[in-house]
Amino acid sequence: MKIFCGRSNPELAREICIYLGIELGKCIVHKFKNDNTFVRIEENVRGKDVFVIQTSAIPVNDYLMELLIMIDALKHASASRVTAVLPYYPYARSDKKDQPRISITARLVADLLETAGADRVLTMNLHSEQIQGFFRIPVDQLLASPILCDYFSKSGLENFIVVAPDAGSAKRAEKYALTLGLPMAVLDKRRDPLNDTVEIFHIIGDVKGKDAIVFDDEIATGGSMIETANALIEQGARDLHAGAAHAVLCGDAPRKLQESPYKQIVVTNSLPVEGEKKIKKIKVLSVAPLFGEAIRRIHEGKSLSELLRKHL
Ligand code: R5P
């Protein structure tokens, strides 16, 4: 087995290698002055089972192209199997045609990965389940929920309620509520697709006098989390906590979240949380053991279902 990574989240790749007790594979990745990406694999991979770790951090398009070129280089170097390990799947929110004349870009990404030569995909908390069906190759989806649930359950959850910030996240939130043994509320959120802003219209469920944990798949501009907090406070909720698998944290989201009413915002390292993103309120939980174990099982041809059962 060999593990390589692009430049999107080398820290996570290193942690995964430590879990597996192997060295991270050597490769050169850089850009020429003409903006073309160059990749050279610096180790023999002939006949090897190769995993390429690349998450969809910013700049998303550069990292996606880097991943495709790495997979192509590995296939041309006679790797026997290449698994694209995508902790945060690129263009995950573009997974349906919900406006006229738009692209289903998450599907296009699936086609690109297959064309580049990926034999399988390992990812985590897809924005929607249907993305798995965009591929003709096997896709394993890990879930961060048990890691988040473990964390929250350690701090005592008396008088808490789980909150889904929109109808789309209600099913996921229901699993969190069941695992934590808590009631849940769902918000009626609408997004303006042109300026990426959100508005909350109704809350279904009684949040008055309760401490709330808002669970979402990702925090991008922070708009959903902040509007949710405002609506919950208006309805009489007390302390607010947030949990999300992916910390996209674009634009001034870190500052807005630091100034928000949330006591803490718990995320994973599926994306790097560093520099100005590392605000005081953010707690980052590592998914390296989860990915490391999944990689080990895929390599050994073992079932992932036990791992997935443990992980909702
Ligand atoms: C939306 O469908 C997602 O589940 C998240 O609620 C959304 O991506 C969060 O984005 P933002 O932080 O920009 O509101």
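Quantities reported herein were computed from a predicted structural model and do not represent experimental measurements. (Residues numbered from 1 in each chain as written. Predicted model: local features only at pLDDT ≥ 70, side-chain atom pairs only at ≥ 80, totals over all residues. Heavy atoms only, no water.)

### Things to note about the pairing of strand S9 (residues 184-192)
Our working definition: When DSSP locates at least two bridges between a pair of strands, those strands are taken to pair. Helix and strand definitions follow DSSP, with helices as H or I runs of at least four residues and strands as E runs of at least two, each counted in order from the N terminus.
With 3 bridges joining them, strand S8 (residues 160-164) and S9 adopt parallel strand pairing. Directly across from Ala164, in S9, lies its bridge partner Val186. Taken together, the 7 bridges between S9 and strand S10 (residues 197-204) define a ladder with antiparallel strand orientation. Of the residues in S10, the one forming a bridge with Asp192 is Thr197. Counted between consecutive antiparallel strands, the loop separating S9 from S10 contains 4 residues, among which Asp196 sits at a positive phi close to 60 degrees.

### Some thoughts on the domain arrangement of the protein chain
As a reminder, the rule being used: By convention here, the domain bounds are inherited from an automatic or database domain assignment. Each of two parts loses accessible area, computed with a 1.4 Å probe, when they are put together; buried area is these two losses added. Note on definitions: salt bridges are taken to be side-chain nitrogens of Lys or Arg within 4 Å of carboxyl oxygens of Asp or Glu. Any pair of N or O atoms that falls within 3.5 Å is considered a polar contact. Within protein, one atom must be able to donate a hydrogen and the other to accept it, and sequence-neighbouring residues count only if both atoms are side-chain atoms. The residue classification treats Ala, Val, Leu, Ile, Met, Phe, Trp, Tyr, Cys and Pro as nonpolar and Asp, Glu, Lys and Arg as charged. All others, Gly included, are polar.
Here the protein chain is partitioned into domain 1 (2-143 + 288-310) and domain 2 (145-285). Computed from C-alpha coordinates alone, the two centres of domain 1 and domain 2 are separated by 27 Å. In this assembly, domain 1 packs against domain 2 so that about 1,500 Å² is buried in total across both faces, 52% of it on carbon and sulfur atoms. By the criterion of area lost to domain 2, the three top residues of domain 1 are Tyr88, Arg93 and Asn125, representing 34% of everything that side buries. Where domain 1 packs against domain 2, one counts 1 salt bridge. Summed over the shared surface of domain 1 and domain 2, the result is 8 residue pairs in polar contact (both at pLDDT 80 or more). The residue makeup of the side of domain 1 that touches domain 2, split by class, is 10 nonpolar, 7 polar and 3 charged.

### Re the pattern of salt bridges
Rule in force here: Throughout, exposure labels follow a simple rule: accessible area from a 1.4 Å probe, protein chains only, divided by the maximum for the residue type, with under 20% read as buried, over 50% as exposed, and the rest as partly exposed.
According to the stated counting rule, one finds 25 salt bridges in the structure shown. The partner of Arg238 in a salt bridge is Asp211, and the shortest N-O contact between them spans 3.3 Å. Taken as a pair, Arg238 in the loop between helix H6 (223-234) and strand S12 (240-247) and Asp211 in strand S11 (residues 211-219) lie far apart in primary sequence, 27 residues in all. A relative accessible area of 8% places Asp211 in the buried class. In this structure, Arg296 engages Glu293 in a salt bridge whose closest nitrogen and oxygen atoms are separated by 2.5 Å. With Arg296 and Glu293 both in helix H8 (residues 288-299) and 3 residues apart, this pair spans about one turn of that helix. Using a relative accessible area of 10% as the deciding quantity, one classes Glu293 as buried. Each of the salt bridges in this network shares a partner with another, and the network as a whole consists of Glu293, Arg296, Arg297, Glu300 and Lys302.

### What to know about unusual backbone geometry
Put simply, Ile58 and Pro59 share a cis peptide bond, and its omega is 5 degrees. Note that Pro59 resides in the loop between strand S4 (49-53) and helix H2 (60-76). Located in the positive-phi region is Asp35, a residue other than glycine, with phi close to 75 degrees. Inspection of the secondary structure assignment puts Asp35 in the loop between strand S2 (27-31) and strand S3 (37-41). A positive phi angle, near 55 degrees, is found at Arg101, a position not held by glycine. By the element assignment, Arg101 lies in the loop between strand S5 (81-86) and helix H3 (105-116).

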